[in-house]
Amino acid sequence: MLRIGLTGGIGSGKSLVCDLFARRGVPVIDSDAIAREIVTPGSEIAEAVIREFGETYRDVTTGGLDRKALRRLVFGNIRARHRLEAILHPRIRLELSRRQIGLDAPYCILSIPLLIESGFGDLVDRILVVDCPESLQVQRVMSRDGVTQEEAQAILASQASREQRLAQADDVIDNTGPPGDLEDKVERLHRQYLVWGRTTHRKDPAPDLPES
Ligand code: ADP
């Protein structure tokens, strides 16, 4: 199956774009959802993270991982982030592949917000970047998450830059305009991906062998 890696900075509009693909019947596998699911209370991964960082990162109410505290710890602390990623990433990679098994579609979308940063590029055939100016990302994050401009900017600064992302892109959806503009852009790419996916999948009939 053709695997499209969908990525983009925070607030660029990835969720909106994913919904539009999903509405067209395209299977969407979301690495953020996987990252949440693998650390449910009592899971092997949650326990491994608590062993690595200490019991202070156990949420006393759920008995699971205190994800907020952990997010605070790794934000801006590269060494801690790498230690966390060393536990999470192998399982996320595994799940991203496992969830493709049995899918019956010419292509699927792997939504991986940190595709560029986490080196997951080898898991996909094409990289689709949802893009808009950074000033718009900041505005959208402020109104969606109720954070200050400084907080939104700090999150952006911790991610790959717009240029780094665009340099890796095979396809780009510009989400600078109103959300309604996305319909046509997604539809056009969808048609193209269907063609490519079907071509990749095509089972050529066995060649006629010359009679001996
Ligand atoms: P991401 O998943 O990349 O973080 P979202 O799809 O959640 O981004 O979009 C961020 C916020 O901006 C959401 O509240 C969304 O409704 C809004 N948004 C997305 N695209 C547009 C747009 N083209 N115009 C206005 N608001 C938008």
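Residues numbered from 1 in each chain as written. Predicted model: local features only at pLDDT ≥ 70, side-chain atom pairs only at ≥ 80, totals over all residues. Heavy atoms only, no water.

Asks: With reference to specific residues and values, describe the site of the ligand.
Replies: The ligand sits among 14 residues. The nearest are Lys14, Ser15, Arg144, Asn175 and Gly177. Lys14 places a polar side-chain atom, nitrogen or oxygen, 2.8 Å from an oxygen atom of the ligand. The contact in question runs from a nitrogen atom of the ligand to an N or O atom on the backbone of Gly177, over 2.8 Å. Protein contact buries 76% of the 550 Å² of open area that the ligand shows by itself. Within the residue set of the shell around the ligand, elements represented by two or more residues are helix H1 (14-23) and helix H7 (134-145). Counting residues per element, the shell around the ligand draws most heavily on H1, at 3 residues. A per-class count over the shell around the ligand returns 4 nonpolar, 7 polar and 3 charged. (Near = heavy atom within 4 Å. Polar contact = N/O pair within 3.5 Å; in protein donor to acceptor, adjacent residues only side chain to side chain. Areas by Shrake-Rupley, 256 points an atom, 1.4 Å probe, with all protein chains shown as cover. Helix = DSSP H or I, 4+ residues; strand = E, 2+ residues; numbered from the N terminus. Nonpolar A, V, L, I, M, F, W, Y, C, P; charged D, E, K, R; others polar.)

Asks: An account of the domain arrangement of the protein is needed here, citing residue identities and associated values.
Replies: In terms of domains, the protein is made up of domain 1 (1-27 + 106-212) and domain 2 (32-99). Here the C-alpha centre of domain 2 lies 25 Å away from the C-alpha centre of domain 1. Counting from both sides, the interface comprises 11 residues of domain 1 and, opposite them, 7 residues of domain 2. Carbon and sulfur atoms make up 68% of the surface buried where domain 1 meets domain 2, a total of about 780 Å² over both sides. Viewed at the interface, domain 2 and domain 1 are joined by 1 salt bridge. Between Arg93 and Asp122 there is a salt bridge, with the nearest N and O atoms lying 2.5 Å from each other. Applying the counting rule to domain 1 against domain 2 returns 1 residue pair in polar contact (both at pLDDT 80 or more). It is helix H8 (residues 149-158) that provides the largest number of residues to the side of domain 1 that touches domain 2, a total of 3 residues. Within the side of domain 1 that touches domain 2, the residues separate by chemical class into 7 nonpolar, 3 polar and 1 charged. (Domains from an automatic or database assignment. Contact = heavy atoms within 4.5 Å. Buried area = accessible area lost by both parts, 1.4 Å probe. Salt bridge = Lys/Arg side-chain N within 4 Å of Asp/Glu carboxyl O.)

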